[in-house]
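Results of the structural survey
For reference, the chains in residue letters:
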Amino acid sequence: MGIYLNPGNSGFEEIRNSPYVDKSGLISLINATIGTKQKLTCVSRPRRFGKSFAAQMLCAYYDKTCDSSLLFDDLAIAADERYNGSYRQHLNRYDVIYLDMTYLKPFSDGFQRGSFLI
């Protein structure tokens, strides 16, 4: 596991060990765009509204270097049939690049604080 490439699921695991509001429906929306012309997705929210939490959830879900099934099997995404069972099809199947602009502060003049998932 790396800091930027395939960061694993430890960040989301910490989030799940606290009171957690299930936002896993976002995964269904992104899964529906994989392999389409709409595959680039921008997840934007106002400041202090969970962009980093959402990015860590997406990292844990897509990162192919870990097994995140225990973190997601009890969430809404696991039961979501709207997208033809894409939950298992995409779970832990991809390389993930995770950039947190907070840690890149010296290089980020002019950027708002936030996280990016590529």
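What comes next is a walk through the structure. Everything numeric in this text was worked out from a predicted model, so none of it was measured. (Residues numbered from 1 in each chain as written. Predicted model: local features only at pLDDT ≥ 70, side-chain atom pairs only at ≥ 80, totals over all residues. Heavy atoms only, no water.)

Attention now moves to the packing of aromatic side chains. Each aromatic ring pair is specified by the distance between its two centres and by the angle formed by the two planes. Within the structure shown, the criterion is met by 6 aromatic pairs. With centroids separated by 4.6 Å and ring planes inclined at 85°, the aromatic side chains of Tyr61 and Tyr62 adopt a geometry described as edge-to-face. Assessed through its relative accessible area of 0%, Tyr61 is described here as buried. Between Tyr61 and Phe72, the aromatic rings sit 5.6 Å apart at their centres with planes inclined by 75°, giving edge-to-face as the arrangement. Here Tyr61 is found in helix α3 (residues 51–62), whereas its partner Phe72 is found in helix α4 (residues 69–72), with 11 residues between them in sequence. By relative accessible area, Phe72 is classed as buried at 0%. Feature note: the residues Phe12, Tyr20, Tyr61, Tyr62, Phe72, Tyr87 and Tyr94 constitute an aromatic cluster, connected by ring pairs. (Phe/Tyr/Trp six-rings, centres within 6.5 Å; stacked < 30°, edge-to-face > 60°. Buried < 20%, exposed > 50% of the residue type's maximum accessible area, 1.4 Å probe, protein only. Helix = DSSP H or I, 4+ residues; strand = E, 2+ residues; numbered from the N terminus.)

Once that is clear, we can look at the pattern of salt bridges. Using the criterion set out here, one finds 3 salt bridges in the structure. Lys64 is the salt-bridge partner of Asp95, the closest N and O atoms lying 3.5 Å from each other. Taken together, the positions of Asp95 in the loop between α6 (86–90) and β1 (98–100) and Lys64 in the loop between α3 and α4 put the pair 31 residues apart, joining distant regions of the chain. Classification of Asp95 by relative accessible area gives partly exposed; the value is 46%. (Salt bridge = Lys/Arg side-chain N within 4 Å of Asp/Glu carboxyl O.)

This part is about the environment of Asp100. Mapped onto the secondary structure, Asp100 falls in strand β1. Spatially, the C-alpha atom of Asp100 lies 9.7 Å from that of Ile3, the residues being 97 residues apart in sequence.

Moving on, we get to α3. Taking 1.5 Å per residue as the helical rise, α3 with its 12 residues ought to reach 16 Å, and the 16 Å between its terminal C-alpha atoms agrees with that figure. When you tally the buried positions in α3, you get 9 out of 12 residues, the bulk of the element. Restricting attention to buried positions, one finds in α3 the residues Lys51, Ala54, Ala55, Met57, Leu58, Cys59, Ala60, Tyr61 and Tyr62. (Expected span 1.5 Å × (residues − 1).)

Note that every value here comes from positions in space, so none of it alone points to a role or purpose.
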